[in-house]
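# Analysis of the macromolecular model
The residues making up each chain are set out below.
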Amino acid sequence: MDNINQYIQRIQNLANRNKELNAQLQNLVGRYSLIQKQNEKYNKLLERFSDISGPVVSDFPGKKTQKKVEHLKTVSLLYISICGFEDLPRMANQSDLIDILDEIYITIDKIAEDFKLTKIKSFGDNIIYAAGLSNEYRTNPIDITMASTRMHSAILNIYQQQKTEPVWKVKMGIHTGPVLAVDPCKQYTPYSISGDNVNVVCRLGESCPPGQINMSEMTYELVKEFFNISHLGSMPVKYKGLMNMYLVNGLKDDLHIADNVFESNETFDVRYGQIQFMDIQENILDLLEKNLPSNLYYHNVKHTVDVITEVELIGWAEGLCEEEILTLKIAALFHDAGHIVDYRYHEHQGVLMARQILPRYNIPQSRIDTICRLIMATKLPPQPKDKMEEVMCDSDLDYLGRTDFIPVSNTLYRELKERQMVGSWQDWNQMQLDFIKQHQYFTKTAQNLREVNKQQQIERLRQLLNENEVKVKY
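Residues numbered from 1 in each chain as written. Predicted model: local features only at pLDDT ≥ 70, side-chain atom pairs only at ≥ 80, totals over all residues. Heavy atoms only, no water.

## Looking at the overall build of the chain
When you go through the chain residue by residue, the secondary structure sums to 14 helices and ten strands. The proportion of buried residues among the 474 residues of the chain is 43%. In the chain, of all internal contacts separated by at least 6 residues, the share reaching a separation of at least 24 is 69%. Surface summary for the chain: the accessible area is close to 26900 Å², and the carbon and sulfur share equals 51%. (Helix = DSSP H or I, 4+ residues; strand = E, 2+ residues; numbered from the N terminus. Buried < 20%, exposed > 50% of the residue type's maximum accessible area, 1.4 Å probe, protein only. Contact = heavy atoms within 4.5 Å. Areas by Shrake-Rupley, 256 points an atom, 1.4 Å probe, with all protein chains shown as cover.)

Below is the structure:
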């Protein structure tokens, strides 16, 4: 009996202990939840403080926050060194010379801003700019070379206006290659970059004759089609051997205006735009690939590429100039991009996207306006008002006169059917027949290439409708 009582007592003691431990556990859970909420509150406050005053050094004592480091493959760097202080003590008009120096600095910064160059650092009378930190475009080496030639021309103009001898000697070096870049946490803090190529561009600048622009072989290969360039010589680079250097003497003869080798003409703009289009096309097609709805069986990336191809083919055949064809290709790239946002009013949305994206590429507002007009010209029913709109409309509806009209039309039916915008298969074929009978190609090129096939498609649709009617009767 005593053993049983002892056993019961032990069970009661264990039960009481278990209740006590459970209470302690609940207390700990509650404290942990409270601490977690406080920690989230403090983290939000720290994030807000970081946005205002810069990055927080650490979350825990002794632990530093790691900044985001990017390995960029093709960044173009411009090194500028201003010399002449050694002659300043012997000059009588020192104050005027300092004013000229200030004007040179202001001019350099303004031109760099116009070309959207990023100032990396300024130390003493040396400055480093970069093109390609935020976007690695194919045009970055051309942009930074154009910026340097504009700076060179503007500095010469300053001396001509002041009617003084060029006391301040400006030397420039340009190099393109990979760098490690640390994205700043503050808006007013510049990028921090490192790597061998930073040292290379500094040496190119210091090796440059005063008043000249010196570039590496890497940059030379990327811009030689645009600029008049001469070989300067070579310099030794540690672990790399001899590096060839080239002097930029201005734009090529057919790419600059008559009286200024540093000022580009329309031919340059078109040739530059053709390279720029490859960047725009790559980015927009990638945007479409990732964001277009998966049930766009007709208005997909393939259709966009087809229209780009057709506007170029028809445009050349119709005698349009290079600038007009380039404008048409950009419009074709955006003409169905609005499907990302809205199916029914995709033309309007495509215009909004073009107006938002194209200014990033420094495309003139007048050309953007033309591109938007061409996008809206594809809205059904087509009513083109000039030759470019005719090319755009014919390219967009090119499939009506192709041999693959029926399978392509089937994809459009499937697309509309899923959106409950069309009825039965018979109704669709009748709609297509009515539309294609009323449709006309506007350009002679499209008429010659597609009109015969289009008439054949009309007969095929009539046959399909007749066959379906027979099936319904029987």
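Structure shown, so let's carry the discussion forward.
## Re the pattern of salt bridges
For the structure shown, the criterion picks out 23 salt bridges. Between Lys302 and Asp306 there is a salt bridge, and its shortest N-O distance comes to 2.9 Å. Placement of both Lys302 and Asp306 in helix α7 (residues 301-317) is noted, with a separation of four residues, approximately one turn of the helix. Overall, Lys302 belongs to the exposed group, its relative accessible area being 53%. Assessed through its relative accessible area of 24%, Asp306 is described here as partly exposed. Ionic contacts of the salt-bridge type, sharing partners, join the residues Glu310, Asp398, Arg402, Asp404 and Arg450 into one network. (Salt bridge = Lys/Arg side-chain N within 4 Å of Asp/Glu carboxyl O.)

## Some remarks on unusual backbone geometry
In this model, Leu380 is joined to Pro381 through a cis peptide bond whose omega is -5°. Phi is positive for Lys116, which is not a glycine, with a value near 55°. In this structure, Lys116 sits in the loop between α2 (94-114) and β2 (118-123). Of note in the backbone geometry, Asn362 takes a positive phi value of approximately 60° without being a glycine. Following the sequence through the fold, Asn362 ends up in the loop between α9 (346-357) and α10 (365-376).

## Considering the packing of α7 against helix α11 (residues 387-396)
Two numbers describe how α7 lies on α11: the axes approach to 8 Å, and their chain directions differ by 135°. On the basis of the axis angle, α7 is oblique to α11. The two elements α7 and α11 cross, and the hand of that crossing is right-handed. Contacts between α7 and α11 involve His303, Val307, Glu310, Val311, Ile314 and Gly315 from the former and Val391, Met392, Asp394, Ser395 and Asp396 from the latter. Here the contact of α7 with α11 is composed, by residue class, of five nonpolar, three polar and three charged. (Axes fitted to C-alpha atoms, helices over the stretch in contact; angles between N-to-C directions. Parallel < 35°, antiparallel > 145°, perpendicular 65-115°, else oblique. Left-handed = near helix turned anticlockwise from the far one by under 90°. Nonpolar A, V, L, I, M, F, W, Y, C, P; charged D, E, K, R; others polar.)

## Quick word on the nonpolar core
One finds Ile280, Leu328, Ile330, Leu333, Phe334, Leu358 and Tyr399 to be the most contacted residues of the largest nonpolar core, which totals 58 residues. With eight residues, helix α8 (residues 322-334) is the largest single contributor of residues to this core. In this structure, Ala112, Val170, Phe226 and Val248 belong to the second largest nonpolar core, which totals 43 residues. (Core = buried A, V, L, I, M, F, W, Y, C linked by side-chain atoms within 4.5 Å.)

## What about α9?
Taking 1.5 Å as the rise per residue, α9 with twelve residues should run 16 Å; its terminal C-alpha atoms sit 16 Å apart, in good agreement. Considering only its buried residues, α9 is in contact with α6 (266-291), α8 and α10. (Expected span 1.5 Å × (residues − 1).)

## A short note on the confidence of the model for the chain
Close inspection of predicted coordinates is inappropriate for parts of the model with low pLDDT. The predicted model of the chain has a mean per-residue pLDDT of 84, with 80% of residues at 70 or higher. Long-range and interchain partners of residues 48-65, a stretch whose pLDDT sits below 50, account for 15 contacts in this model, where long-range means more than four residues apart. (pLDDT = per-residue confidence, 0-100.)

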